[in-house]
Amino acid sequence: MTLQERANPAPAETGEEFRTRLRAFFTDHHPGRAPKDPAERFAWNRRWLATMFDHGYAGPGWPREFGGMELSFAHQVIYQEELARARVPGPLGTGLGIVAPTIIKYGTREQRDRWLGPMLRGDKVWAQGYSEPGAGSDLPSLRTTARRDGDEYVVNGQKVWTTHAGDADLFFTLVRTGTPQSRQKGITYLVVDARARGVQVRPLRDLTGGHAFAEVYFDDVRVPVADRIGEENEGWPLVRTSLGHERAAGAMNQAALYRRVLTELEDLARERGLLADPLVRARFTDLEIQVRIIRYNAQRIISDILAKGEPGAASSVSRLLISAFEQEIHEFALDLLGPAALLGKSAAQSVQRSRWLHGFLRTRASTIGAGTREIQLNTIAEQVLGLPHDPAMPPR
Amino acid sequence: MSIGFTEDHEHLRELVRRFLQARSPSHEVRRLIRDGLGRDDEVWFQMAGQLGLQGIAIPEEYGGSGFGPTELGIVLEEMGRVLLVAPYFSTVALAGQTLTASDDEEARRRWLPGIADGSLTATLAVAEHGGTGARTEIATIAEPAGDGWALTGTKLFVLDGHTADLLLVVARAEDGIGLFGVEGDAAGVVRTELESLDLTRGMAEVVLDAAPAIRVGGDRPSGGWLPRVRDLVLASLAAEQIGGAARCLELAVEYAKVREQFGRPIGSFQAVKHKCAGLLIEIEAGRSAAYHAGFAVAEPGAEGAAAAALAKAYCSEVFTHAAKECIQIHGGIGYTWEHDAHLFLRRAKSSELLFGTPARQRARFADLVEI
Ligand SMILES: Cc1cc2nc3c(=O)[nH]c(=O)nc-3n(C[C@H](O)[C@H](O)[C@H](O)COP(=O)(O)OP(=O)(O)OC[C@H]3O[C@@H](n4cnc5c(N)ncnc54)[C@H](O)[C@@H]3O)c2cc1C
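Since this is a predicted model, take the numbers as computed values, not measurements.

Let us now look at the overall build of chain A. When helices and strands are tallied, chain A shows 12 helices and 8 strands. The C-alpha radius of gyration of chain A comes to 22 Å, within 12% of the 21 Å expected for a compact globule of 396 residues. The dimensions of chain A, computed from C-alpha atoms along their principal axes, are 70 × 55 × 45 Å. Expressed as a percentage of the 396 residues in chain A, the buried residues total 50%. Just so you have it, chain A exposes about 18400 Å², and 53% of that area is on carbon and sulfur atoms. Between the averaged position of the 51 positive side-chain charges in chain A and that of its 48 negative side-chain charges there is a distance of 2 Å.

Spelled out as structure tokens, the structure:
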């Protein structure tokens, strides 16, 4: 019996039985509190991923042949709920959520074998190098080039705002193999080894003061053709791939997470005797409504998938709802705490080690990263509402 | 009362703007943040000596030029635009106006000339643990000691409190709330700079343990003038905030004109255009509120109090909103440390929460206008 078969629900196991078993696993193997030091925290997170993988509890939606659990959608939802409940960390880097689905769908047999297991186990960390200084919202204008030379590509150019680039072992990049004007018709997917000659990562400081992203430079970097995903010049359609179902199940995890964050802020307000103020209550009420709607919306996405196999309109609004909530709750926390909220971690009077202050700054990215709010609204307007395409923009 | 600026006002604005453009460009602001010094001495003394900015709202008999909140507002608006790193707001807008408003000739004579010529820095310490600065929050005690007084208590969020030569401390005496001057390095004073959001303006905790003090207002209760200080402070802050907000919009508009995506400037997208136009509406409205407050607080009275509360509430929100949209319009670049947008966001949020949040100012305003 493989590990996955052991960890997986037997056909007769009910959702509640599966839940109980997961809960026991997360309790028995809980990694404890995260270390404060970023490097230690990273190593700690890797160890936890390995623990999950080694016991067959990793990759809920992944095919079994790549080390996943291949759970039914209903069981994935339970998995995500229990993950949130146990407060254990999720995957590192951008690999599992974004990269893996593309490899599963478009990678060769050999590529899947080579990349997926180590990714799932946390042995290899991935970062996603799409954006460039001149190509953000307008990704098809990217200019990093790859020139074919025998059975290698020679890559030159620059990526920017690459999350986790400093920790990455592998970069999942988009490069131009077509003419400079070819736009989305001349783009190819390459996997670049972070330690290859000519790759340089320069940490970028973000506005919180941290270094979560970086610039990545490619200077005559040689990449085996075997590390290309899909065909040459046909990388663009791959950009849209995602394990939609796994993401939808993940929405439950997020709903649970925000529920908890809101409760924590309520507790703080109560301790400080602030809940009696009618204005404070009104704002908590509004946030409570939002967090419940996030949950109901996730449930609706899930039941659409269970019933029809496809997420419906509810899924297009979920990121916008969450980013608005995330920004608002931190903003409110600051208003609520007053000047005390302004204090940094080192100040003796800081509130909860400045988590709300840090969140206020960090969540500025919620409406920028992975596509800005404005771009998402455009997409909804055109794709969901069917409004006319902006004539000044390139055809889809 | 009319809201209008004279030609002299426009000259003042022009003069200050040119000076600050030359002496407080972004790289200077960042250098001062890095060095943690709080000011550039040369700039500070030029401001006092050549431009007379520290003395702008100080009567001539004490070395100032005798103007009032309107002129100070013009200077602060310009300083807000460049995030000037200097103890100007604390020394001039807080302490300078407090002393000028006081009815204590001796105190004015003792300290105002130093403020006007740049040789003395000062600040006002009001808030304690609650952070609101409300009278009910004041727990610092003042007791008679020898010819003077002794202060015991803890003040928080004191702007430039770790460097100021003079601390004007609001404390509770037997006969009521009063104002006391304490030298920054006096015995019994322990000052700690607090790590806090705004990198361009430091704040401190000041612990007083029987610190020797002089009462402002002689040994009389500070009567009618102390509450008026709050109105002057709020109007000043609103002016500074609106300067910062306007600069955020300028940065966003400049960028929206040059940043191209999809083969056209991002400013040609309605989503971006509407954001910018919406901000302009808020900023101009805020400006009207701030300018009105400046005129209104020149005279003591209920009109000034309401105008100042309104301006602080409104301009706080405008500034924070403008700073957030400035980041959003800059996209990924706006999220980096190297871009100034976050310095404005930090200043905006910090000013918003100090001296009474918008919610609190709204509540005061409602009381003042009897809603
Ligand atoms: C924290 C963070 C992490 C990131 N991580 C990664 C990563 O790991 N990998 C990666 O490849 N990228 C990453 N990015 C980059 C991110 O995807 C881009 O910042 C984003 O796509 C926007 O591009 P831009 O920054 O160039 O902004 P621009 O595209 O220049 O946009 C600037 C402004 O113009 C608006 N705008 C642009 N076009 C339109 C339009 N057609 N209609 C209306 N408004 C428009 C935008 O909404 C925005 O407000 C990250 C960014 C952040 C902030």
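So, on to the UniProt feature "domain: Acyl-CoA dehydrogenase/oxidase C-terminal" (unreviewed entry) in chain B. According to UniProt, the "domain: Acyl-CoA dehydrogenase/oxidase C-terminal" (unreviewed entry) feature falls on residues 236–366 of chain B. The distance from the first to the last C-alpha atom of residues 236–366 of chain B is 21 Å, and the span holds 80% helix and 3% strand.

All right, on to the side chain of Ser102(B) then. Residue and element names in this part refer to chain B. Tracing the sequence through the fold places Ser102 in the loop between helix H5 (88–101) and helix H6 (105–117). A relative accessible area of 2% places Ser102 in the buried class. Beyond its immediate stretch of four places on either side in the chain, Ser102 contacts Arg108, Val216 and Trp225.

Moving on, we come to unusual backbone geometry. All names here are of chain A. Phi is positive for Arg353, which is not a glycine, with a value near 50°. Its place among the elements puts Arg353 in the loop between helix H10 (314–337) and helix H11 (355–362). In this structure Arg353 comes out as partly exposed when scored by relative accessible area, which is 45%. A positive phi angle, near 55°, is found at Ala370, a position not held by glycine. Relative to the assigned elements, Ala370 resides in the loop between H11 and helix H12 (373–384). Ala370 sits in the exposed class, given a relative accessible area of 75%.

Right, let's talk about the domain arrangement of chain B for a bit. All names here are of chain B. One can read the domain layout of chain B as domain 1 (7–120), domain 2 (123–216) and domain 3 (224–369). The straight-line distance from the C-alpha centre of domain 1 to that of domain 2 is 22 Å. Of the residues lining the interface, 20 residues belong to domain 1; the matching set on domain 2 comes to 15 residues. Note on domain 1 versus domain 2: buried area summed over both sides is about 1400 Å², and carbon and sulfur give 74% of it. Our enumeration of links across domain 1 and domain 2 arrives at 0 salt bridges.

For the rest of this paragraph, the subject is the site of the ligand. Taken together, 31 residues lie around the ligand, and Ser137(A), Thr163(A), Thr372(A), Glu374(A) and Gly332(B) are the ones closest in. Mapping the residues near the ligand onto chains gives chains A and B. In this structure, a nitrogen atom belonging to the ligand sits 2.7 Å away from a main-chain N or O atom of Gln128(A). Between the ligand and Gln328(B), the relevant distance is 2.8 Å, taken from an oxygen atom to a main-chain nitrogen or oxygen of the residue.

Moving on to the pairing of strand E2 (residues 145–149) of chain A. Residues and elements named next belong to chain A. Bridging between E2 and strand E3 (residues 152–163) involves 5 bridges; their strand directions are antiparallel. Residue pairing for E3: Ala146 is matched across the bridge by Val155. Taking the residues between adjacent antiparallel strands as the criterion, E2 and E3 are bridged by 2 residues, where Gly150 takes a positive phi near 65°.

Quick look at the UniProt feature "domain: Acyl-CoA dehydrogenase/oxidase N-terminal" (unreviewed entry) in chain B now. Residues annotated in UniProt with the feature "domain: Acyl-CoA dehydrogenase/oxidase N-terminal" (unreviewed entry) correspond here to residues 6–118 of chain B. The distance from the first to the last C-alpha atom of residues 6–118 of chain B is 27 Å, and the span holds 68% helix and 0% strand.

The next point concerns the pattern of salt bridges. Residue and element names in this part refer to chain A. Scanning all chains against the criterion turns up 62 salt bridges over all chains. Here Glu110 makes a salt bridge to Arg114, at a shortest N to O gap of 2.7 Å. With a gap of 4 residues between them, Glu110 and Arg114 both fall in helix H6 (residues 109–121), about one helical turn apart. Accessibility expressed as a relative area gives 41% for Glu110, which makes it partly exposed. By relative accessible area, Arg114 is classed as partly exposed at 33%. Linking Glu288 and Arg259 is a salt bridge whose minimum nitrogen-to-oxygen distance equals 2.6 Å. Separated by 29 residues along the polypeptide, Glu288 in helix H9 (residues 278–308) and Arg259 in helix H8 (residues 244–271) bring together distant segments of the chain. With a relative accessible area of 15%, Glu288 lands in the buried category.

Here we take up the interface of chain B and chain A. If you look at the interface, chain B gives 39 residues, while chain A gives 43 residues. Roughly 3500 Å² is buried in total at the junction of chain B and chain A, and carbon and sulfur atoms are behind 64% of that figure. The interface formed by chain B and chain A contains 5 salt bridges. With its nearest N and O atoms 2.8 Å apart, the salt bridge here joins Lys275(B) to Glu374(A). Counting every contact that joins chain B to chain A gives 22 residue pairs in polar contact (both at pLDDT 80 or more). The set of elements that each furnish at least two residues to the side of chain B that touches chain A consists of strand E3 (148–159), strand E7 (203–216), strand E8 (260–261), helix H8 (270–296), helix H9 (302–334) and helix H10 (341–353) of chain B. With 8 residues, the single largest contributor to the side of chain B that touches chain A is H9(B).

This part is about the nonpolar core. Among the nonpolar cores identified, the biggest contains 142 residues, and Leu265(A), Met47(B) and Tyr88(B) are the most heavily contacted of them. The contacts of Tyr88(B), once residues within four sequence positions are left out, are Trp44(B), Met47(B), Leu53(B), Gln54(B), Ile56(B), Leu72(B), Val75(B), Leu76(B), Met79(B) and Ala93(B). Core analysis: the next-biggest nonpolar cluster, separate from the first, contains 45 residues, Leu83(A), Val88(A), Ile187(A) and Leu238(A) among them.

It is worth spelling out the pairing of strand E4 (residues 166–173) of chain B at this point. Residues and elements named next belong to chain B. For E4, the tally of buried residues reaches 7 of 8 residues, placing the bulk of the element in the interior. Two elements, strand E1 (residues 122–125) and E4, share 4 bridges in a ladder whose sense is parallel. When the bridges of E4 are listed, Ala125 appears paired with Val169. Relative to strand E5 (residues 176–183), E4 is paired through 8 bridges, and the arrangement is antiparallel. Directly across from Ala173, in E5, lies its bridge partner Gly176. Connecting the antiparallel pair E4 and E5 is a turn made up of 2 residues.

Thresholds, definitions, all that
- Residues numbered from 1 in each chain as written.
- Chains lettered and ligands numbered in written order.
- Predicted model: local features only at pLDDT ≥ 70, side-chain atom pairs only at ≥ 80, totals over all residues.
- Heavy atoms only, no water.
- Helix = DSSP H or I, 4+ residues; strand = E, 2+ residues; numbered from the N terminus.
- Rg over C-alpha atoms; globule rule 2.2 N^0.38 Å.
- Buried < 20%, exposed > 50% of the residue type's maximum accessible area, 1.4 Å probe, protein only.
- Areas by Shrake-Rupley, 256 points an atom, 1.4 Å probe, with all protein chains shown as cover.
- Lys, Arg positive; Asp, Glu negative; His and termini not counted.
- Charge placed at Lys NZ, Arg CZ, Asp CG, Glu CD.
- UniProt positions renumbered as here; feature names shortened; annotations may be inferred.
- Contact = heavy atoms within 4.5 Å.
- Domains from an automatic or database assignment.
- Buried area = accessible area lost by both parts, 1.4 Å probe.
- Salt bridge = Lys/Arg side-chain N within 4 Å of Asp/Glu carboxyl O.
- Near = heavy atom within 4 Å.
- Polar contact = N/O pair within 3.5 Å; in protein donor to acceptor, adjacent residues only side chain to side chain.
- Pairing = 2+ DSSP bridges.
- Core = buried A, V, L, I, M, F, W, Y, C linked by side-chain atoms within 4.5 Å.

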